[in-house]
Amino acid sequence: MKVLLLENVHPVAVETLEAHGHEVELLTRSLSEDELVEALPGVELLGIRSNTHVTTRVLEAATDLVAIGCFCIGTNQVDLAAAAQRGVAVFNAPYSNTRSVVELVIGEIIALARRLPEKTQRMHQGVWDKSAKGSHEIRGRTLGIVGYGNIGTQLSNLAEGLGLRVIFYDTADRLAHGNARRMPTLDALLAEADVVSIHVDGRPGNAGLFGAEQFARMKPRSLFINASRGMVVDDVALRENIESGHIAGAALDVFPVEPKAQGDTFESVLRGLDNVILTPHVGGSTQEAQEEIGWFVAGKLARFVAEGSTALSVNLPAVQPPPLADGVRLAYLHVNVPGVLAEINAYLAEQGANISGQYLATRGEQGYVVTDATEEISEAAMDKLRSSDQTIWLRGYPA
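For the structure given in this document, a descriptive report is provided here. (Residues numbered from 1 in each chain as written. Predicted model: local features only at pLDDT ≥ 70, side-chain atom pairs only at ≥ 80, totals over all residues. Heavy atoms only, no water.)

Further remarks concern unusual backbone geometry. Negative phi characterises most residues that are not glycine, and trans characterises most peptide bonds. Not every positive phi belongs to a glycine, and Asn8 is a case in point at roughly 60 degrees. Mapped onto the elements, Asn8 comes out in the loop between β1 (2-5) and α1 (11-19). Exposure remark for Asn8: the relative accessible area of 46% places this residue in the partly exposed category. For Asn275, which is not glycine, the phi dihedral falls at a positive 55 degrees. What makes Asn275 buried here is its relative accessible area of 2%. (Helix = DSSP H or I, 4+ residues; strand = E, 2+ residues; numbered from the N terminus. Buried < 20%, exposed > 50% of the residue type's maximum accessible area, 1.4 Å probe, protein only.)

Our focus in this paragraph is the sheet that holds strand β14 (residues 355-363). Across a sheet, paired strands are connected by hydrogen bonds in the backbone, their directions being either parallel or antiparallel. Strand order in this open sheet of four strands is β14-β15-β13-β16, and the pairing throughout is antiparallel. With partners counted over all chains shown, the strands left at the sheet margins are β14 and β16 (391-398), one partner each. Sheet twist, expressed as the mean angle between neighbouring strand axes with direction ignored, is 10 degrees. Direction of pairing for β14 relative to strand β15 (residues 366-373): antiparallel, over a ladder of eight bridges. Each bridged residue has a counterpart across the sheet, and for Leu360 the counterpart in β15 is Val369. Contacts between helix α11 (residues 287-307) and the sheet are confined to β13 (328-335) and β16, with β16 contributing the most and set at about 85 degrees to the helix. (Pairing = 2+ DSSP bridges. Axes fitted to C-alpha atoms, helices over the stretch in contact; angles between N-to-C directions. Contact = heavy atoms within 4.5 Å.)

Examined against the element boundaries, Val101 turns out to sit in helix α5 (residues 98-113). The exposure class assigned to Val101 is buried, which follows from its relative accessible area of 5%. Considering only alpha carbons, one finds Val101 and Ile151, 50 residues apart in sequence, at a separation of 7.3 Å. Non-local contacts of Val101, meaning those with residues more than four positions away in its chain, are made with Ile151, Ala227, Gly283 and Gly284.

What follows concerns the packing of α1 against α11. Relative to each other, α1 and α11 sit at 25 degrees, their axes nearing to 7 Å. Compared by their axis directions, α1 and α11 come out roughly parallel. Seen from above, α1 lies across α11 with right-handed handedness. On the side of α1, the interface is formed by Val12, Ala13, Thr16 and Leu17, while α11 contributes Glu291, Gly294, Trp295, Ala298, Gly299, Leu301 and Ala302. Considered class by class, the residues forming the contact of α1 with α11 number seven nonpolar, three polar and one charged. (Parallel < 35°, antiparallel > 145°, perpendicular 65-115°, else oblique. Left-handed = near helix turned anticlockwise from the far one by under 90°. Nonpolar A, V, L, I, M, F, W, Y, C, P; charged D, E, K, R; others polar.)

Pairing is parallel in the open sheet, where five strands are placed in the order β2-β1-β3-β4-β5. Looking at the sheet topology across the chains shown, the edges are occupied by β2 (23-26) and β5 (89-91). Each adjacent strand pair in this sheet contributes to an overall mean axis angle of 15 degrees, direction not counted. Pairing between β1 and β2: four bridges, direction parallel. In the strand pairing of β2, Lys2 is matched with Glu23. α11 contacts β3 (45-48), β4 (67-70) and β5 of the sheet and is inclined by roughly 165 degrees relative to β4.

This part covers the environment of Leu26. Relative to the helices and strands, Leu26 is located in strand β2. Sequence-wise, Leu26 and Leu6 are 20 residues apart; in three dimensions their C-alpha atoms are separated by 6.0 Å. Discounting chain neighbours no more than four positions away, the residues touching Leu26 are Leu5, Asn8, Val9 and Val14.

Let us look at the packing of aromatic side chains. Inspection of the entire model under this criterion finds eight aromatic pairs. Seen from their ring centres, Tyr148 and Phe168 are 3.7 Å apart, and the 10 degrees between their planes marks the pair as stacked. Remark: Phe168 occurs in strand β7 (residues 165-169) and Tyr148 occurs in the loop between β6 (142-146) and α7 (150-161); sequence separation between them is 20 residues. Comparing Tyr148 with Phe168 shows no difference in burial state: the two are buried. One aromatic cluster is present, built from ring pairs that chain together Phe91, Phe304, Tyr368 and Trp393. Over the face of the ring belonging to Trp393 we find Arg395, whose NZ or CZ atom lies 3.7 Å from the ring centre. (Phe/Tyr/Trp six-rings, centres within 6.5 Å; stacked < 30°, edge-to-face > 60°. Lys NZ or Arg CZ within 6 Å of the ring centre and 35° of its normal.)

This is the structure:
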């Protein structure tokens, strides 16, 4: 298959996909919507990171597209519903860079508590400012984690090892790790935390989650960290609270508007502030994390193409069949209505096919069934299934 990888995806992804016989093109930058519309005809597998947005218009133009790999945690840059409607599978790496993000946040907590951004800047200016004013240990302080998912829980574990007390708030029912305490409301967390760290996902409901009202409810001289999504935080309100002294320091790795390409100018109202760490969306950008993500997502794409596996797909029914040992395999994505499985089996029975394995899952309006048979399936039977009103796509896999 023809593969297009964008945004400087790790070379291990190229190696993995080429090892499976695919033709891979790698670009170091993201593409705009117009550029994608022009580039995607003929492309069957697309790999992106967080800066490339796959919209409904892009998907309508990408008539050959089979699957999208998001080489990152988030998938909000893809119109998942439109992709599912067209049968385009979307995969991501929900766990591969969690450690890298957590280590960045831990480093930022210590750096802000010790006011290291100011200290290092003044040293570069030739100023020897040897003072303990405003500098604190983090031991015994309270860390408030907003969003207690994969990253939030790992941060919780490491923070406790450093002597921080941990409280958390999440709208989902999450199990507390170690000695962490669940808070009943966000306001309750803000009133108690010395450091607030945001780790929510990019769903539309989280836009504007943290603004002037939330900053006002934080403890005076507390610290604020956002390594989740730029649209979650009102950066103007944050600047006002830093300038007033209510917030003692902040670290941000994500922004509402981010440059598209390496070297582009970065604009933010947070530039130029004391004790503020600004990093260019590098929370998961370690060599270890990017290699792991490259291997993981490329492997998911390769197995989907070679075996029909949709394990960990974020938008299609998840089926993980075993490798095909012999015989043939049919992978059938269809509209989720009663009787489809019986219809498939009736078609195969008419052909005298002996079914050796069958794996089915449904998700919303779609169903996905993978059927292994010991004999070749006739083209007549395949055409009959393809012509069904319930068919989204049907693919065969020879031994």
